[in-house]
Amino acid sequence: MQEQESRATRYTTLAAGSDVRHELEIRRSRFITVLRRTPDEAAARDLVAELRREFHDARHHCSAFIVGPDRTTQRSNDDGEPAGTAGAPMLEALAKRETAPGVSDLSDISAVVVRYFGGVLLGAGGLVRAYSESVSSALALAPLVQRNRLRICAVTVPPGNAGRLENELRSAGYAMAATTYGVSSTVLRLALPDEVAALADAHSRLLSLTSGTAELVPEGTEWLDSAGLSTR
């Protein structure tokens, strides 16, 4: 069965390879937060297992994660804290984090808060505030990037025309994907925003550049990080 394509065309996530660690001390308890980019549920659970090994003497390893362009997979775990005082506020901090004014689209991200109990009970309200603040404080330090769904489109041209056409497309601001070189033809590929207007504009530009001899053929989609974009 073919996987249904996401309705979202963009979302925000943690920059690749940019784990964030942040520690708060609240009434003698240590709250160590780790954020990591996790593309699926298995990666999120692997992070929890990894931190259980690293901080094996801690009392709690509470977690929350959001996965998928549409943010359809959202999970949290209190790991021994009173129900609803740890995982839920952590998940809320992730889910409601604004990445632009009025926009909350953070996904493919996990938060784990490791707690070393300091001997002072915080109460239910105190725990909710502590776990929420721990994740929010870590997110304030996180380098975020926008991830976009791009439509890959191919155009087949004679080898002698490929270099000129590619240069003209790049000069016009189009992002190029992989090129396939053959004896009798070369296939150039453009990575376009997955939007009707963008496809129409590219088709019109291609017709102009090739005097109507080349056709733009959609091949599929890829998710790519926006180069140089930071929402921190």
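Residues numbered from 1 in each chain as written. Predicted model: local features only at pLDDT ≥ 70, side-chain atom pairs only at ≥ 80, totals over all residues. Heavy atoms only, no water.

A few words on the UniProt feature "domain: Impact N-terminal" (unreviewed entry) in the protein chain. In the numbering adopted here, UniProt assigns the feature "domain: Impact N-terminal" (unreviewed entry) to residues 27–139. Measuring from the first to the last C-alpha atom of residues 27–139 gives 22 Å, for a span that is 35% helix and 27% strand. (UniProt positions renumbered as here; feature names shortened; annotations may be inferred. Helix = DSSP H or I, 4+ residues; strand = E, 2+ residues; numbered from the N terminus.)

Let us look at the confidence of the model for the protein chain. Detailed reading of the predicted coordinates is not advisable wherever pLDDT falls low. With 95% of its residues at a pLDDT of 70 or more, the protein chain shows a mean pLDDT of 92. Note that residues 228–232 has pLDDT below 50 and, in this model, twelve contacts with residues that lie over four places away or in other chains. (pLDDT = per-residue confidence, 0-100. Contact = heavy atoms within 4.5 Å.)

Let us look at the domain arrangement of the protein chain. The assigned domain composition of the protein chain is domain 1 (10–142) and domain 2 (148–228). A C-alpha centroid distance of 41 Å is found between domain 1 and domain 2. Listed by partner, the interface residues are four residues for domain 1 and four residues for domain 2. For the domain 1 and domain 2 pair, buried surface summed over both sides reaches about 410 Å², with 42% attributable to carbon and sulfur atoms. Taken together, the connections running from domain 1 to domain 2 amount to two salt bridges. The salt bridge involving D225 is made with R37; its shortest N-O contact spans 2.9 Å. On inspection of domain 1 and its partner domain 2, the count reaches three residue pairs in polar contact (both at pLDDT 80 or more). (Domains from an automatic or database assignment. Buried area = accessible area lost by both parts, 1.4 Å probe. Salt bridge = Lys/Arg side-chain N within 4 Å of Asp/Glu carboxyl O. Polar contact = N/O pair within 3.5 Å; in protein donor to acceptor, adjacent residues only side chain to side chain.)

Bringing the environment of L14 into the picture now. With respect to the helices, strands and loops of the structure, L14 is situated in strand 1 (residues 10–14). A sequence separation of 128 residues divides L14 from A142, and the C-alpha atoms of the two residues are 6.8 Å apart. Look past the residues within four positions of L14 in its chain and what remains in contact with it is V20, L35, R36, R37, I109, A142, P143, L144 and V145.

Here we come to the nonpolar core. Ranked by size, the top nonpolar core spans 27 residues in total, and within it L35, M90, L94, Y131 and V135 carry the most contacts. Contributions of two or more residues to this core are made by strand 2 (20–26), strand 3 (29–37), strand 4 (60–67), helix 2 (87–95), strand 6 (109–116) and helix 3 (123–139). The biggest single contributor to this core is helix 3, with six residues. Contacts of L35, omitting those with residues within four sequence positions, involve L14, S18, D19, V20, S110, A111, A138, L139 and A142. (Core = buried A, V, L, I, M, F, W, Y, C linked by side-chain atoms within 4.5 Å. Buried < 20%, exposed > 50% of the residue type's maximum accessible area, 1.4 Å probe, protein only.)

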